[in-house]
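Per-entry structural report
If you want the building blocks of each chain, they are given just below.
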Amino acid sequence: MSPRRACLTALVTLPGGALSAAGAQADGLAYPQGATSFQANCAVCHGANGAGLPSLAPPLLANPARYAASAEGRRQLAMTVLYGLFGDIAVDGHHYDFRMPDFSRLDDATLAATLNFVVFDLAHAPADLKPLSAADLATERAHPMDGAAVREHRKGVAPAGP
Ligand code: HEC
């Protein structure tokens, strides 16, 4: 691509909301469809770039990549979007004690793509880590629980908070 063409692309892409908010052009994202879903469903609380909102919701820039590296952590990601998360948690030394709503109305493939955008594009998990699949979401969907139970499970996978 010529420099002039690249410049035009940047100009056209930047106001694109979802994609520019994630700090990358469409073709720089590993999960552009997940980005679209994130902006529609998650950004209102977690911020367009996943940095969180101090009085509302935690950042998603580190823990999701940690979680994606273990089987129980991957279950944690699926549970959180399927069933929500209630009660006090600590992220990077800050406490949050709210209720994340559940997103079980979204289908498994959409939830997997949304989580993969969080894990790989926002939290920068290593690219060789296995992405979440729709089947992972379906497995967790078969075991309904509430947001308090999701918080209990989180204790086993999150870094110990202050
Ligand atoms: C209405 C606000 C809101 C929306 C919308 C929302 N969240 Fe949350 N999210 C929260 C809150 C609040 C917490 C912390 C809950 C607590 O205090 O127990 C949280 C926690 C999380 C966590 C756990 C972080 C950790 O360190 O364990 C993940 C992952 C997450 N959200 C992902 C998402 C994704 C993906 C979406 C979109 C599908 C989403 N959230 C939509 C409010 C929201």
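An account of the accompanying structure is given in this report. All figures in this text were calculated on a predicted structure; none of them were measured in a lab. (Residues numbered from 1 in each chain as written. Predicted model: local features only at pLDDT ≥ 70, side-chain atom pairs only at ≥ 80, totals over all residues.)

Attention shifts here to the site of the ligand. In the vicinity of the ligand lie 29 residues, with Cys42, Cys45, Asn63, Phe98 and Met100 positioned nearest. Put simply, the parts of the chain that give the shell around the ligand at least two residues each are α4 (43–46), α5 (63–67), α6 (71–83), β1 (85–91), β2 (94–100), α7 (108–122) and α9 (147–154). If you tally residues by element for the shell around the ligand, the top one is β1, at five residues. Of the residues belonging to the shell around the ligand, the class tally is 20 nonpolar, six polar and three charged. (Near = placed C-beta within 6 Å. Helix = DSSP H or I, 4+ residues; strand = E, 2+ residues; numbered from the N terminus. Nonpolar A, V, L, I, M, F, W, Y, C, P; charged D, E, K, R; others polar.)

Before going further, it helps to spend a moment on the nonpolar core. Among the nonpolar cores identified, the biggest contains 29 residues, and Ala78, Leu115, Phe117 and Val118 are the most heavily contacted of them. Residue contributions to this core peak at nine residues, all from α7. Ala78 has contacts with Leu132, Asp136, Leu137 and Glu140, leaving out every residue within four places of it along the chain. (Core = buried A, V, L, I, M, F, W, Y, C linked by C-beta atoms within 7 Å. Buried ≥ 20, exposed ≤ 12 C-beta atoms within 10 Å, placed from the backbone. Contact = placed C-beta atoms within 7 Å.)

Moving on, we get to the packing of α6 against α9. Close contact between α6 and α9 brings their axes to 9 Å; oriented N to C, the two are set at 165°. When the axes of α6 and α9 are compared, the pair comes out roughly antiparallel. Seen along the crossing, α6 lies across α9 with a hand that is left-handed. Contacts between α6 and α9 involve Gln76, Met79, Thr80 and Tyr83 from the first element and Gly147, Val150, His153 and Arg154 from the second. Along the lines of polarity and charge, the residues of the contact of α6 with α9 split into three nonpolar, four polar and one charged. (Axes fitted to C-alpha atoms, helices over the stretch in contact; angles between N-to-C directions. Parallel < 35°, antiparallel > 145°, perpendicular 65-115°, else oblique. Left-handed = near helix turned anticlockwise from the far one by under 90°.)

With that settled, the discussion passes to the packing of α6 against helix α8 (residues 134–141). Across the interface, α6 lies against α8 with an axial gap of 9 Å and an inter-helix angle of 70°. Between α6 and α8, the interaxial angle falls into the category roughly perpendicular. In the crossing of α6 with α8, the sense of the turn from one axis to the other is right-handed. In this structure, α6 contributes Arg74, Arg75, Ala78, Met79 and Leu82 to the contact, and α8 contributes Asp136, Leu137, Glu140 and Arg141. Grouping the constituent residues of the contact of α6 with α8 by class yields four nonpolar, no polar and five charged.

Despite not being glycine, Asp92 shows a phi value in the positive range, around 50°. Note that Asp92 resides in the loop between β1 and β2. Even without glycine at this site, His124 takes up a positive phi of about 55°. Following the sequence through the fold, His124 ends up in the loop between α7 and α8. Take His124: there are 12 C-beta atoms within 10 Å of it, and that puts it in the exposed class.

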